[in-house]
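Residue-level listing of the chains:
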Amino acid sequence: MKNKLANLSALLLLSPLGLLAQDNKHLSLEEIIHMAANQSVEAKTADTKILGRQLEVESAKSKQLPDAKLSAQYMAMTTPNVDLKLALGGGGSAPDIAANQLWLGQASVSMPIYTGGRIKGGIAIAKDALQAEQWNAVASKEQLASRAIALYLNLYKAQQTNLLIAENIKQSEQRVSDFKAMLDNGLIARNDLLKAELQLSNYQVSLQEAQKNIKVLNYQLANLLKIAEDTQLDQINLAEVTGIDLGLKASYETAKTERSDLKSLASQRKVAEDQLKVTKSSTLPMVSATAGYNAFGLQKVVTVTNAAMVGVGVSYDIGSLYKNKREVNVVKNRIKEIDENLELLNDRVKVQVQQANENYMLAQKQDVVYHQAVDQAVENYRITKDKYDNGIADTDDLLTADVQQLQSKINLAISKANTIEKYYDLQLANGSLNIK
């Protein structure tokens, strides 16, 4: 009775109704890539950084516009002692004046004429920083897509393992049932039945592990894509994955012109070069055109209006003549660091390209071998089963052939996913992974 209940529980776990309790969703690999590159938190963070850089460009451009200021003041004072030194008409003495209120108004405009390239250089810095951030965002999104691909294909492996083990459990349950009947009829020893039951238990444990992996990978993928966390992806069909070029090879010559991480670092070097120009320009004077209007009044004493002015202002930081050299050296050292990082990254790209090519070729070769292994394992099990039925092979031979047959099918399913994964790894190394 206990065995029947255990078998029923296993069948319920395997049944479609058990797996369809959650919200099921069908997603293709292309959809997974697009969602990872656009919906994940990291992708949105990258877009926010780009927006910040765009705002910095606008801010840098705004420095080309004139500065305009308005100010006004009104002050109440104690009654001051006013002693006018100007001679008054008629030779009389100055009258007593209760001047206890003062007002001031001022408007000024300043337009930069020559800044030694500071404003132009600041705009160039902001634009190159924006370009670097855009390439950095592409590189980040490519890595996100790569993570999503790995999760998706690992989920496929877990699903296929679940299906294959479930199929073997049914066969093992039938074998245990048959062995019990044979034991009752004295055709086999009890030890043979125990071996069959042990194998069934091992399959059930493996099934539980596969089902756990499905849940974990579903959750991780849903979390990355920012969809409902209880979403269960439908059974993945790799036949839907099209466009796989088995002859594709990565090339360093292509990678060094297409890799977004290399482009990002190159843009960062441009930023440093622009910064060097701006730093050097600090030794140059700044010229601006100025205009203003002033008005003020002291109660019962004086009122001045229409005091307009226009002119040119020049400023020169003499201290920059002896301070600038150190600042220039700091920026030059920054350029040297970037050059060294570029060299390191180029070496890393070479290794990644070579490794991606080797992994992709190996995956294809292994796929051919695993196809052959399935045929061999299936035929071996058939022959062993015939021998067992004819009393030539023992129970150990039969159970071993059954395990080998299951393992070969699992290996083939994993191999299919590995080939696709290595294909996308190769595209990533080559700088040609499409994330749109």
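Residues numbered from 1 in each chain as written. Predicted model: local features only at pLDDT ≥ 70, side-chain atom pairs only at ≥ 80, totals over all residues. Heavy atoms only, no water.

Per an unreviewed UniProt entry, the protein carries the name TolC family protein and comes from Sphingobacterium ginsenosidimutans. Note on the protein: under the UniProt heading Subcellular location (unreviewed entry), the record states "Cell outer membrane". Recorded in UniProt for the protein, the comment headed Sequence similarities (unreviewed entry) runs: "Belongs to the outer membrane factor (OMF) (TC 1.B.17) family." (UniProt positions renumbered as here; feature names shortened; annotations may be inferred.)

(A) View of the sheet that holds strand β3 (residues 101-114). As summarised here, the arrangement of the 4 strands in space is β2-β3-β5-β6, forming an open sheet in which the pairing is antiparallel. Sheet topology places β2 (67-76) and β6 (302-315) at the edges, where each strand pairs with a single neighbour. Neighbour-to-neighbour, the strand axes of this sheet turn through a mean angle of 10°, independent of strand direction. Sheet topology places β3 next to strand β5 (residues 286-298); 12 bridges connect them, and they run antiparallel. (Pairing = 2+ DSSP bridges. Helix = DSSP H or I, 4+ residues; strand = E, 2+ residues; numbered from the N terminus. Axes fitted to C-alpha atoms, helices over the stretch in contact; angles between N-to-C directions.)

(B) Inspection of the UniProt feature "coiled-coil region" (unreviewed entry) in the protein at higher detail. Mapped onto this structure's residue numbering, the UniProt feature "coiled-coil region" (unreviewed entry) falls at residues 193-227 and 328-366. The span residues 193-227 carries 94% helix and 0% strand; its end-to-end C-alpha distance comes to 48 Å. As annotated, residues 328-366 has a helix share of 100% and a strand share of 0%, and its two end C-alpha atoms lie 56 Å apart.

(C) Quick look at the packing of aromatic side chains. What the rule picks out here adds up to 3 aromatic pairs. A ring pair is formed by Phe179 and Tyr388, whose centres lie 6.0 Å apart and whose planes are at 20°; its orientation type is stacked. Of this pair, Phe179 sits in helix α5 (residues 118-184) while Tyr388 sits in helix α9 (residues 320-389), and the two are 209 residues apart along the sequence. Ring centres of Tyr423 and Tyr424 lie 5.3 Å apart, and the angle between their planes is 80°; this geometry places the pair in the edge-to-face category. Of the two residues, Tyr423 and Tyr424, both sit in the buried class. Each residue in the set Tyr360, Tyr423 and Tyr424 is aromatic and connected to the rest through ring pairs, giving one cluster. (Phe/Tyr/Trp six-rings, centres within 6.5 Å; stacked < 30°, edge-to-face > 60°. Buried < 20%, exposed > 50% of the residue type's maximum accessible area, 1.4 Å probe, protein only.)

(D) Representation of the nonpolar core. Core analysis: the largest hydrophobic core is formed by 56 residues, its most contacted members being Leu29, Ile32, Tyr152, Leu221, Leu225, Leu238 and Tyr424. At the level of secondary structure, the elements contributing two or more residues to this core comprise α3 (29-38), α5, α6 (190-225), α7 (252-258), α8 (260-281), α9 and α10 (395-430). Leave out the neighbours within four places in its chain, and Leu221 touches Ile32, Ala148, Leu151, Tyr152, Leu155 and Leu233. The next biggest cluster of nonpolar side chains, apart from the first, holds 18 residues, and it includes Ile165, Ile188, Tyr203 and Leu398. (Core = buried A, V, L, I, M, F, W, Y, C linked by side-chain atoms within 4.5 Å. Contact = heavy atoms within 4.5 Å.)

(E) Summary view of α6. Taking 1.5 Å as the rise per residue, α6 with 36 residues should run 52 Å; its terminal C-alpha atoms sit 53 Å apart, in good agreement. Positive backbone phi, at 60°, marks Lys226, one or two positions downstream of α6. (Expected span 1.5 Å × (residues − 1).)

(F) Region of the structure containing the environment of Ala417. Along the chain, the position of Ala417 falls in helix α10. Judged by its relative accessible area of 0%, Ala417 is buried. Sequence spacing of Ala417 and Asp367 is 50 residues, and the spatial spacing of their C-alpha atoms is 9.7 Å. Every residue in contact with Ala417, bar those within four places of it in the chain, is listed here: Leu153, Tyr156, Lys157 and Leu238.

(G) The packing of α5 against α10, seen in detail. The geometry of α5 relative to α10 is characterised by a closest axis approach of 10 Å and an angle of 165° between their N-to-C directions. When the interaxial angle is binned, α5 and α10 end up roughly antiparallel. Crossing angle aside, the handedness with which α5 passes α10 is right-handed. (Parallel < 35°, antiparallel > 145°, perpendicular 65-115°, else oblique. Left-handed = near helix turned anticlockwise from the far one by under 90°.)

(H) The arrangement of the pairing of β3 in detail. Pairing geometry for β2 and β3, over 10 bridges, is antiparallel. Bridged to Ala76 within β3 is Gln101.

(I) Structural view of a nonpolar patch on the surface. Together, Met75, Met77, Leu104, Phe296, Val301 and Val302 make up an exposed nonpolar region whose accessible area comes to about 400 Å². Within the secondary structure, Met75 sits in strand β2. (Patch = residues over 30% accessible without salt bridge, like charges linked within 9 Å, V, L, I, M, F, W, Y side chains within 5 Å. Areas by Shrake-Rupley, 256 points an atom, 1.4 Å probe, with all protein chains shown as cover. Salt bridge = Lys/Arg side-chain N within 4 Å of Asp/Glu carboxyl O.)

(J) Layout of the pattern of salt bridges. As enumerated under the stated definition, the model contains 16 salt bridges in all. The partner of Asp47 in a salt bridge is Lys141, with the nearest N and O atoms 2.8 Å apart. A residue pair is termed long-range when its members are at least 10 positions apart, and Asp47 in helix α4 (residues 41-62) and Lys141 in helix α5 qualify at 94 residues. Note on Asp47: relative accessible area 34%, which makes it partly exposed. Where Glu273 meets Arg269, a salt bridge forms, and the shortest distance between an N and an O atom there is 2.0 Å. Here Glu273 and its partner Arg269 are both found in helix α8, 4 residues apart, which amounts to about one turn of the helix. The exposure class of Glu273 is partly exposed, given its relative accessible area of 32%. Judged by relative accessible area, Arg269 falls into the partly exposed class, the value being 23%.

(K) Spotlight on the environment of Asn136. Secondary-structure assignment places Asn136 in helix α5. For the pair Asn136 and Leu265, spaced 129 residues apart in sequence, the C-alpha to C-alpha distance is 8.4 Å.

(L) Representation of the environment of Ala429 within the structure. Tracing the backbone shows Ala429 in helix α10. For the pair Ala429 and Val349, spaced 80 residues apart in sequence, the C-alpha separation works out to 7.1 Å. Those residues within four positions of Ala429 in sequence are excluded, and the remaining contacts are Ala255, Arg259, Gln352, Val353 and Ala356.

(M) Focus on the pairing of β5. Strand direction decides the pairing type here: β5 and β6, joined by 12 bridges, are antiparallel. Pairing of Ala289 across the sheet is with Val312, part of β6. Between β5 and β6, which follow one another and run antiparallel, lie 3 residues, and Lys300 among them has a positive phi close to 65°.

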